[in-house]
Each structure stands twice: as structure tokens, then as C-alpha cells.
Amino acid sequence: MIVQIQTADAGIAERIGVIFGPFASADGAPDIMVTLHRAAVLPAMPTGTPVTFEEGRLAYFLHDQRLIAHFTQWGQLRIDLNTLRFEAFLSEACLATYSVLEDMVIIGLAPLLRRRRLFTVHAFAAARAGRAVLIIGDIGAGKTTTGISLLRAGWSLLSNDSPLLAADGSDLEVVAYPGLLSAFDDSLARFPEMAPILADPLSPLGHSRQKRTFAAERLYPGVWTKTAAPAALCFPQITPGLMISALEPLSAQQALLAMIPQSIENWDKPLIPQHLSILGHLAEAAPAFRLLLAPDVEALPALLSRMLPGA
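If you're wondering where the values come from, they're calculated on a predicted model, not measured in any experiment.

Trainee: Please clarify how the packing of helix α1 (residues 10-20) against helix α3 (residues 100-114) should be interpreted in this entry.
Mentor: Packed helices, taken two at a time, are described by the angle between their axes plus the distance between the axes. Two elements in contact, α1 and α3, have axes separated by 11 Å at closest approach and are oriented at 75°. Taken as axis vectors, α1 and α3 run roughly perpendicular relative to one another. Contacts from Arg15, Ile16, Ile19 and Phe20 in α1 reach Leu101, Glu102 and Val105 in α3.

In C-alpha cells, the structure reads:
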């Protein structure tokens with residue numbers, strides 16, 4: 001799968017180079033084409049009835065396999081589901097706020113990837129010996145803190161936020177999706193090697209509490225891997241008062257129900273059955289656990305290793 005990302009803006013090009021650098025290649029014709037623009041003024045929101053709408057935040061308009069996703073603060077995406085191309089007009093606020101550029105790119109890519117039989121799941125994915133653990137949860141649940149604890153213990157990285165699922169017959173594969181690590185200062189302060197990251201200046205245009213983003217390979221050289229077989233699903237939950245982190249088994253049904261809100265896009269009705277099917281396959285193939293998180297982050301790699309086959 002080759003995605004070509006082009007832009008005339010030097011600042012956007014530099015950011016894209018950092019985000020996608022570990023997977024950059026100059027070979028082959030593109031399967032998907034992306035064009036990114038910096039927009040001092042965003043294009044007007046389309047008229048008509050949106051298929052998805054959140055007052056003051058976003059509206060999606062779908063007509064003849066052309067989707068326009070309008071984000072009031074961040075930008076507008078114009079996605080052609082037939083030709084597998086999308087064009088993005090990005091606001092200054094989008095480009096100045098942590099992770100939003102990455103979010104806009106994956107929002108545009110996700111429906112195009114689905115049409116190439118690659119399905120997203122909102123998770124941190126790390127692997128050891130070719131077996132992947134997917135750490136799944138809402139913002140603030142502890143996904144990245146748990147994931148970083150694995151990387152510093154020698155695990156490989158598949159994705160910080162959006163690993164892809166691919167099925168080949170009865171076999172299921174977790175496929176890497178590039179991206180930066182992103183965490184708040186109080187999470188990063190748990191790891192001594194994060195001192196250079198914490199010394200970086202924060203964006204003057206950000207919020208009073210904002211995440212820091214950085215390339216994983218800056219601290220963990222050679223950390224990326226491209227594919228792995230799913231071995232376990234982990235749903236972290238910060239648990240006040242708990243002193244030692246613990247695992248609680250979850251049923252496949254519980255795991256599937258927890259993944260659906262994080263992964264399924266209701267507007268994309270033709271692809272919902274396939275997406276549900278592959279998530280169901282994942283829930284049946286990989287045992288699931290709730291991870292009750294305590295402050296003992298150094299103990300997490302050994303704890304999560306117990307979820308792998310043969311442990």
C-alpha cells in the first residue's frame with residue numbers, strides 16, 4: 001500500500017516528513033493520493049443535510065461517493081471514495097495544536113483504507129516476537145503510558161493511535177500505521193529518558209494543558225515493526241488507590257462492544273458490515289483483559305507479557 005502525500009507548504013511538508021518518515025519510500029505508483037493545503041480562511045461549509053453533524057464542531061456531507069468533512073475549527077476534507085484521493089484545507093489552529101494534523105490525515109485516509117480492506121481500530125499497538133497487544137481506550141485512559149512502558153522494555157511499535165487490521169481468510173494481521181507519540185507531562189515524567197522531551201518548548205498557541213508529541217525513534221531507535229499477529233486486547237483503566245496493576249479477563253462480547261464506538265464510522269454504511277466482521281474476528285482471536293492501572297508503570301511489561309501465548 002503506497003500513500004502519496006503532497007503539499008506546497010514547507011511547514012506541512014516538514015511535519016509530514018517527521019510523522020511518516022520511518023515508512024517513507026520513493027518506489028512504486030501510489031494507491032492513495034493526498035493533497036494538503038494551509039488555509040488562512042477555510043472553505044465554506046456545504047449546504048444541504050449532513051449525514052453526520054455535531055453543532056459547532058463538525059458536519060459530514062456525502063453525495064455521489066464524494067464526502068466533505070467540515071471541521072469548524074480545524075479544516076475541511078474533500079474525499080473521493082471512488083478514486084481514493086482526498087484533499088485537505090487545514091487551518092492555522094490545526095497546524096498549531098498537538099496531534100490535530102495527524103488526526104485530520106487519518107480521518108481522511110480511514111475510509112479510503114477501508115476500500116482497500118484495511119480497517120482502523122483506535123488503539124496503541126506494540127509487539128514482541130511477532131505477537132501484538134492492542135491497548136484500547138478513550139483519551140486519558142492510560143493507553144500511551146502503558147505503551148511507552150512496553151517500548152522501553154524492548155517491545156516494537158506498530159502504532160500510537162491507529163493500527164490497521166487486515167484479514168486473509170482465517171488469518172488476521174495487525175498492520176503498522178505511522179504516527180508520533182503523544183502524552184501529557186505528568187505521564188512522561190514517569191520515565192527518566194523523557195527528560196529531553198520535557199525540556200522542549202510547548203506551542204505558544206496551545207492550551208494551558210497540552211500534550212507533547214515526539215517521534216518514538218528519537219528515544220527508541222529501530223522501534224518500528226510493520227506487522228504482527230494479534231495476541232491480546234488490553235483495556236486500561238486508571239484506578240485510584242490501587243498500588244499494583246492487575247488484569248481482569250473480559251469476554252469477546254465485552255471486548256467487541258468496547259471497540260465499536262472507537263472504530264466504526266456510522267456514515268460509511270456500505271463498509272460497516274465488513275468493519276464489524278473484522279472487529280468480531282479480532283475479539284474472538286485475541287483474549288481480552290481490563291488492565292487496572294496503578295502507579296507501578298515499571299511492572300507493566302512483565303504483567304502484559306502474561307497475556308502472550310505460552311506465558
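Read on, since the account is not over.
Trainee: Hey, could you run me through the sheet that holds strand β7 (residues 85-90) in this one?
Mentor: In spatial order, the strands read β1-β2-β7-β6-β5-β4-β3; together these seven strands make up an open sheet with mixed pairing. Looking along the sheet, the strands with just one partner apiece sit at the ends: β1 (3-7) and β3 (52-54). The sheet shows a mean angle of 15° between the axes of neighbouring strands, taken without regard to direction. Note that strand β2 (residues 32-38) and β7 share six bridges and pair parallel. The partner of arginine 38 across the bridge, within β7, is leucine 90. Where α1 meets the sheet, its contacts fall on β1, β2 and β7, and the angle it forms with β2 comes to roughly 135°. Contacts from α3 reach β1, β2, β4 (58-63), β5 (66-71), β6 (75-80) and β7, with the element oriented near 20° to β6.

Trainee: Looking at this model, I keep getting lost on the pairing of β1. Mind explaining?
Mentor: In the sheet, β1 pairs with β2 via five bridges, with the strands oriented parallel. Paired with glutamine 6 across the two strands is threonine 35, which belongs to β2. Read from β1 through α1 to β2, the crossover connection turns out left-handed.

Trainee: Mind showing me how you'd approach the confidence of the model for the protein chain here?
Mentor: With 97% of its residues at a pLDDT of 70 or more, the protein chain has an overall mean of 92. For the protein chain, per-element mean pLDDT is lowest for strand β15 (residues 212-214), which scores 88, and highest for β6, which scores 98.

Trainee: Help me understand the environment of alanine 29, please; the structure alone is not making it clear to me.
Mentor: Checked against the element boundaries, alanine 29 lands in the loop between α1 and β2. Put simply, alanine 29 and glycine 169 are 140 residues apart on the chain and 27 Å apart in space, counted from C-alpha to C-alpha.

Trainee: What exactly am I supposed to notice about the pattern of salt bridges here?
Mentor: When their charged atoms lie close together, side chains carrying opposite charge are able to pair. Tallied over the entire structure, the rule returns twelve salt bridges. The residue glutamate 248 makes a salt bridge to arginine 290 at a minimum N-O spacing of 3.6 Å. Highlighted residues: glutamate 248 in strand β17 (residues 246-250) and arginine 290 in strand β18 (residues 288-293), separated in sequence by 42 residues. Of the residues examined, arginine 290 reaches a relative accessible area of 27% and is grouped as partly exposed. Linked by salt bridges that have partners in common, Arg114, Arg115, Glu265 and Asp268 make up one network.

Trainee: Help me out: how do you make sense of helix α8 (residues 272-285) in this one?
Mentor: Side chains three or four residues apart in an α-helix point the same way, a direct result of the helix having 3.6 residues per turn. Here α8 spans 20 Å end to end across 14 residues, near enough to the 20 Å set by a 1.5 Å rise per residue. Here α8 has its buried residues at Ile272, His275, Ile278, Leu279, Gly280, Leu282 and Ala283.

Trainee: When you look at the packing of helix α7 (residues 252-263) against α8 in this model, what are you seeing that I'm missing?
Mentor: As a packed pair, α7 and α8 sit with axes 9 Å apart at the nearest point and diverge in direction by 140°. With respect to α8, the element α7 is oriented oblique. Considering only the axes of α7 and α8, their crossing is right-handed. On α8, the residues touching Ala252, Ala255, Leu256, Met259, Ile260 and Ser263 of α7 are His275, Leu276, Leu279, Gly280, Leu282, Ala283 and Glu284. Residue classes in the contact of α7 with α8 are distributed as nine nonpolar, three polar and one charged.

The rules we used
Residues numbered from 1 in each chain as written. Predicted model: local features only at pLDDT ≥ 70, side-chain atom pairs only at ≥ 80, totals over all residues. Heavy atoms only, no water. Axes fitted to C-alpha atoms, helices over the stretch in contact; angles between N-to-C directions. Helix = DSSP H or I, 4+ residues; strand = E, 2+ residues; numbered from the N terminus. Parallel < 35°, antiparallel > 145°, perpendicular 65-115°, else oblique. Contact = heavy atoms within 4.5 Å. Pairing = 2+ DSSP bridges. Right-handed = clockwise from strand over helix to strand, strands pointing away. pLDDT = per-residue confidence, 0-100. Salt bridge = Lys/Arg side-chain N within 4 Å of Asp/Glu carboxyl O. Buried < 20%, exposed > 50% of the residue type's maximum accessible area, 1.4 Å probe, protein only. Expected span 1.5 Å × (residues − 1). Left-handed = near helix turned anticlockwise from the far one by under 90°. Nonpolar A, V, L, I, M, F, W, Y, C, P; charged D, E, K, R; others polar.

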